[in-house]
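# Breakdown of the fold
Each chain is listed here by its residues.
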Amino acid sequence: MAQVCCIVFGLGALILATVAVTTGILLWRQGHLQWHGKGTTANISEIILRRCESYTPRKGLQLKEKNCKEIWKAFKNSFISKDPCSITEEDYLPLMKLTNQTVPCHQTLFWSKMPTLARQLFQDQRKVFSLEDLLLGSITDGLTWCGSRGTSEMNYQSCPDRRKDCSNNPVSVFWKTASKKFAADACGEVLALLNGSIPEPFDRNSIFGSVEILNLNSKAVHLLQAWVIHDAGDSRDSCLSSSINDLKSIITERNIRFTCQKEYRPARLV
Ligand code: N1C
């Protein structure tokens, strides 16, 4: 009996010790993470190369040439071995050159705070293209990346968070640079898909609000149509909200015509 007791006690102590050590290691690592954001996405090189190889432009889009190995190299060189809080738009220029692609007039779609699925359905129906339909946006969508000064390794543990660490981090500067060009290239009538289920469908601090609308070429774009998507049964008229009014003022001050319409989210997406 005493022997059984000893074995049970010993096993219990062993399990407790293992749990304590594992928790200790996890807490220690968390406490020692350099940045507050998620680290580089695991297998990022394979993901980008695979996405790049399998990319074919949607009907209506063109792509002159595609060299995926060069694209991966340019992507990596934009941030590797650099201070992840001092990334500049120039760092991404070689990558932008290799992935140069434009959307035909009247077919550019901007969005803000919109779930991917709702966006995709809208895009298919209207035959419009967003940045993620272009090679550059499609290979990077949803990924995180950063490096550190003085090493050619990626940082898989943590990357700078825009708010808590610094705004000139590799991911934020990338979307800023890519969105700037995407907007500057737009022409004719453009569409913007906004989320009517949140208090402020238009957010001045978003990429749409702080980069895209300010970089539209007002000589080439004559109309911005905002579509505010609501959940079924929501009777608010967001087009009359102060947030959409702000957007209207910014757009009309830039000599671009503005319209807004309320749409219900398709039932199968609710
Ligand atoms: O800040 P947002 O939206 O207004 O940015 C959306 C706006 C779109 O019109 C796109 O052209 O900016 C472009 N864009 C992307 O295409 C994109 N894909 C993935 C901006 N950001 C993009 N992401 C990631 O979503 C990226 O990590 C960025 O920080 C978020 C912004 O989403 P948001 O606030 O809903």
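Residues numbered from 1 in each chain as written. Predicted model: local features only at pLDDT ≥ 70, side-chain atom pairs only at ≥ 80, totals over all residues. Heavy atoms only, no water.

Position of Asp-133 among the secondary structure elements: in the loop between helix 5 (116–126) and helix 6 (135–140). Residue class for Asp-133 comes out buried when judged on its relative accessible area of 13%. Here the side chain of Asp-133 touches Gln-123 through a polar contact of 2.6 Å, side chain to side chain. The residues contacting Asp-133, other than those within four sequence positions of it, are Tyr-55, Arg-58, Leu-61, Gln-123 and Val-128. (Helix = DSSP H or I, 4+ residues; strand = E, 2+ residues; numbered from the N terminus. Buried < 20%, exposed > 50% of the residue type's maximum accessible area, 1.4 Å probe, protein only. Polar contact = N/O pair within 3.5 Å; in protein donor to acceptor, adjacent residues only side chain to side chain. Contact = heavy atoms within 4.5 Å.)

With that settled, the discussion passes to the pattern of salt bridges. For the structure on display, the rule yields 11 salt bridges. Here Arg-119 and Glu-132 are joined by a salt bridge, their closest N and O atoms 3.2 Å apart. Taken together, the residues span a long stretch of sequence, with Arg-119 in helix 5 and Glu-132 in the loop between helix 5 and helix 6 at a distance of 13 residues. Residue Glu-132 is classed as buried on the basis of its relative accessible area, which comes to 14%. Close ionic contact of Arg-236 with Asp-234 constitutes a salt bridge, the shortest N to O distance being 2.8 Å. (Salt bridge = Lys/Arg side-chain N within 4 Å of Asp/Glu carboxyl O.)

Relative to the helices and strands, Lys-127 is located in the loop between helix 5 and helix 6. The spacing of Lys-127 and Leu-109 is 18 residues in sequence and 9.5 Å in space, taken between C-alpha atoms. For Lys-127, the residues in contact, after removing those within four places along its chain, are Arg-58 and Gln-107.

Moving on, we come to the state of the cysteines. Between two cysteines, a covalent bond joining their sulfur atoms is known as a disulfide. On inspection of all chains with the given rule, the structure shows 5 disulfides. The disulfide partner of Cys-146 is Cys-159, and the gap between their sulfur atoms is 2.2 Å. Around the S-S axis, the bridge from Cys-146 to Cys-159 shows a dihedral of about -90° and counts as left-handed. Separated by 13 residues along the polypeptide, Cys-146 in the loop between helix 6 and strand 3 (147–148) and Cys-159 in strand 5 (residues 158–159) bring together distant segments of the chain. In this structure Cys-159 comes out as buried when scored by relative accessible area, which is 3%. Across the disulfide, Cys-239 is cross-linked to Cys-260 (sulfur-sulfur distance 2.0 Å). (Disulfide = S-S within 2.5 Å.)

Among all positions of helix 8 (residues 207–215), only Phe-208, Gly-209, Val-211, Glu-212 and Ile-213 are buried. Of the surrounding elements, those touching the buried residues of helix 8 are strand 2 (109–112), helix 7 (170–184), strand 6 (188–195), strand 7 (221–230) and helix 9 (242–253).

Right, let's get into the confidence of the model for the protein. When pLDDT is averaged across the protein, the result is 90; 86% of the residues are at 70 or more. Scored below 50 in pLDDT, residues 26–31 shows 1 contact in the model against residues more than four places distant or in partner chains. (pLDDT = per-residue confidence, 0-100.)

Bringing the site of the ligand into the picture now. Near the ligand lie 14 residues; those nearest to it are Ser-112, Lys-113, Glu-132, Ile-207 and Glu-212. Ile-207 is positioned such that a nitrogen or oxygen atom in its backbone is 2.7 Å from an oxygen atom of the ligand. Within the side chain of Glu-212, a nitrogen or oxygen atom sits 2.6 Å from an oxygen atom of the ligand. Out of a free accessible area of 600 Å², the ligand has 78% covered by protein chains. (Near = heavy atom within 4 Å. Areas by Shrake-Rupley, 256 points an atom, 1.4 Å probe, with all protein chains shown as cover.)

A few words on the nonpolar core. A general trend in soluble globular proteins is that nonpolar side chains are found buried together. Grouped together as the largest cluster of nonpolar side chains are 54 residues, with contacts concentrated most on Phe-110, Trp-145, Leu-216, Leu-224 and Leu-247. Residue contributions to this core peak at 7 residues, all from helix 7. Mapped onto the domain boundaries, this core takes at least three residues apiece from domain 2 (36–99 + 134–183) and domain 3 (102–131 + 186–270). Filtering out sequence-adjacent residues up to four positions away, Trp-145 remains in contact with Thr-40, Ile-44, Phe-75, Phe-79, Tyr-92, Thr-140, Cys-159, Pro-170, Val-171 and Phe-174. Grouped together as the second largest cluster of nonpolar side chains are 9 residues, Leu-109, Phe-122, Val-128 and Leu-191 included. (Core = buried A, V, L, I, M, F, W, Y, C linked by side-chain atoms within 4.5 Å. Domains from an automatic or database assignment.)

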